[in-house]
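# Observations on the model geometry
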Amino acid sequence: MTLEETRQVVGIVVFPGSNCDQDTIQAIMDLGAIPRVLDYRLRQLPAIDRLILPGGFSYGDYLRSGALAAAAPIMDAVGEAATAGMPVLGICNGFQILCERGLLPGALLPNPHGEFVCRLETLRVTAVPSGFQGLSVGDRLALPIAHHEGSYRVSDGKLHELFEQGQVFLQYSDPDGVVHPLTNPNGSVANIAGVTQGSVVGLMPHPERAMAEYLGSADGRRLLQAWFGQKGGHGC
Amino acid sequence: MKTYRLGLHVGLKEGVLDPAGQATLQVLHQMEFAATEVRIGKWIQVVIEAEDEVRALAIGDEMGRRLLANPVMEAFDVTVTPL
């Protein structure tokens, strides 16, 4: 069954300062699903099948990236939906928000070199999150990153556990999928670019900006299709 | 109820790399100061109403744990001043 047949409704949470919401809406519509914009002040979620927290600079990144959005009124309902098993995807600032909220492990710090990094990176799939279809361990995806606070950290002693439990979704690698310090754009521990916990997934790269070859890569389309539980790997 | 000013000092935990602190340390060296370490944190003041100083401190601690500091990478301490 295609997405158009199932007509999945994807809630896209918009906070003050979100700026990737329109790209995300376009990407979702491209894949045949129905986007539904959700204001951060809502306390209950309407009837939706999935949730995306898009990228941007919610609350101007004040206090810490994602920290104030993590305490927004809608986040109680997001937490409850995630606990009940609804697929939740956090992209870039959305990833930071999910970490700050405690729905994903770890935290994102400013890049140690102090630079905003904006370029295409190769990501290696290290574990396939629950519900994903059409992605395998070892697959490589070319996706753009664009951030200043993308240095992923975990509490002391937690890194091993994260790998052990299959929570490390993506790692920055070279084009052959080899993960080493030279392919680390932002000082993330173990080159980690994306993690998962239960039905929640967060990643720093922007799949919604890689929906077609003319944008430099169509691998974002592949990743989002996988999130929708669709095999394929090509346009639909 | 009495009025108190809470002061929270929030900083990166020991061992967590502080890029802003390192950049500042380099500039201090350029200025020929003999510094060996710089750690940069945030100083947050909150005015609250509470029954007493003990309760005010507990509120400050909760604010730190739930919002003002991130327990993964930051540590904080709270001071209370009666106004």
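In the block above lies the structure referred to throughout.
Each value, and the rule that gives it
- Residues numbered from 1 in each chain as written.
- Chains lettered and ligands numbered in written order.
- Predicted model: local features only at pLDDT ≥ 70, side-chain atom pairs only at ≥ 80, totals over all residues.
- Heavy atoms only, no water.
- Helix = DSSP H or I, 4+ residues; strand = E, 2+ residues; numbered from the N terminus.
- Buried < 20%, exposed > 50% of the residue type's maximum accessible area, 1.4 Å probe, protein only.
- Contact = heavy atoms within 4.5 Å.
- Core = buried A, V, L, I, M, F, W, Y, C linked by side-chain atoms within 4.5 Å.
- Pairing = 2+ DSSP bridges.
- Axes fitted to C-alpha atoms, helices over the stretch in contact; angles between N-to-C directions.
- Buried area = accessible area lost by both parts, 1.4 Å probe.
- Salt bridge = Lys/Arg side-chain N within 4 Å of Asp/Glu carboxyl O.
- Nonpolar A, V, L, I, M, F, W, Y, C, P; charged D, E, K, R; others polar.
- Phe/Tyr/Trp six-rings, centres within 6.5 Å; stacked < 30°, edge-to-face > 60°.

### Regarding unusual backbone geometry
All names here are of chain A. One non-glycine residue, Leu-63, lies in the positive phi region at around 70°. With respect to the secondary-structure elements, Leu-63 resides in the loop between β3 (50-53) and α3 (74-83). Not every positive phi belongs to a glycine, and Cys-92 is a case in point at roughly 55°. The residue Cys-92 is located in the loop between β4 (88-91) and α4 (93-101) in this model.

### Here's the deal with the environment of Tyr-59 of chain A
All names here are of chain A. Following the sequence through the fold, Tyr-59 ends up in the loop between β3 and α3. Given a relative accessible area of 25%, Tyr-59 falls into the partly exposed group. Between the alpha carbons of Tyr-59 and Pro-16 there is a distance of 5.8 Å; along the sequence they are 43 residues apart. Sequence-distant contacts of Tyr-59, that is, excluding residues within four places in its chain, are made with Phe-15, Pro-16, Tyr-40, Leu-68, Ala-69 and Ala-72.

### Focus: the nonpolar core
Membership of the largest hydrophobic core comes to 65 residues, with the highest contact counts inside it found for Phe-15, Leu-51, Tyr-152 and Leu-170 of chain A. Among the elements that make up this core, the one with the highest residue count is α3 of chain A (five residues). Once residues within four sequence positions are removed from consideration, Leu-170 of chain A is found in contact with Leu-123, Arg-124, Val-125, Leu-141, Asn-191, Ile-192, Ala-193, Gly-194, Leu-203 and Leu-223 of chain A. The next biggest cluster of nonpolar side chains, apart from the first, holds 13 residues, and it includes Tyr-4, Ile-44, Ala-56 and Leu-68 of chain B.

### Looking at the sheet that holds strand β11 (residues 200-203) of chain A
Residue and element names in this part refer to chain A. Sheet architecture is open: nine strands sit in the order β2-β1-β3-β4-β11-β10-β9-β6-β7, paired in mixed fashion. Whereas interior strands pair on both sides, the edge strands pair on one side only; in this sheet they are β2 (34-39) and β7 (140-147). Sheet twist, expressed as the mean angle between neighbouring strand axes with direction ignored, is 25°. Across the sheet, helix α6 (residues 219-227) touches β1 (9-14), β3, β4, β7, β9 (168-173) and β11, and the angle it forms with β7 is around 100°.

### What about the interface of chain A and chain B?
The extent of an interface is frequently quoted as the accessible surface area lost upon association of the parts. Residue-level contacts link 16 residues of chain A with 13 residues of chain B. Both sides together, the interface formed by chain A and chain B hides about 1000 Å², and carbon and sulfur atoms give 66% of it. Contact with chain B buries surface across chain A, with Leu-63, Arg-64 and Leu-109 of chain A losing the most and accounting together for 48% of the total. Applying the counting rule to chain A against chain B returns one salt bridge. Here Arg-64 of chain A ties to Glu-74 of chain B by a salt bridge, and the two come within 3.3 Å at their closest N and O atoms. Among the elements that take part in the side of chain A that touches chain B, strand β5 (residues 107-109) of chain A stands out by supplying three residues, more than any other. Residues of the side of chain A that touches chain B, tallied by class, amount to 10 nonpolar, three polar and three charged.

### Section: the packing of aromatic side chains
All names here are of chain A. One pass over the structure, following the stated rule, counts four aromatic pairs over all chains. Arranged with centres 6.0 Å apart and planes meeting at 15°, the rings of Phe-95 and Tyr-152 form a pair that is stacked. Note that Phe-95 is positioned in helix α4 and Tyr-152 in strand β8 (residues 151-153), a separation of 57 residues in sequence. Judged on exposure class, the residue Phe-95 and its partner Tyr-152 are both buried. Aromatic side chains Phe-132 and Phe-169 sit 5.4 Å apart centroid to centroid with 70° between the ring planes, which places their arrangement in the edge-to-face category. Of this pair, Phe-132 sits in the loop between β6 (117-125) and β7 while Phe-169 sits in strand β9, and the two are 37 residues apart along the sequence. Summarising the burial analysis for this pair, Phe-132 and Phe-169 share the class buried.

Geometry only, nothing functional implied.
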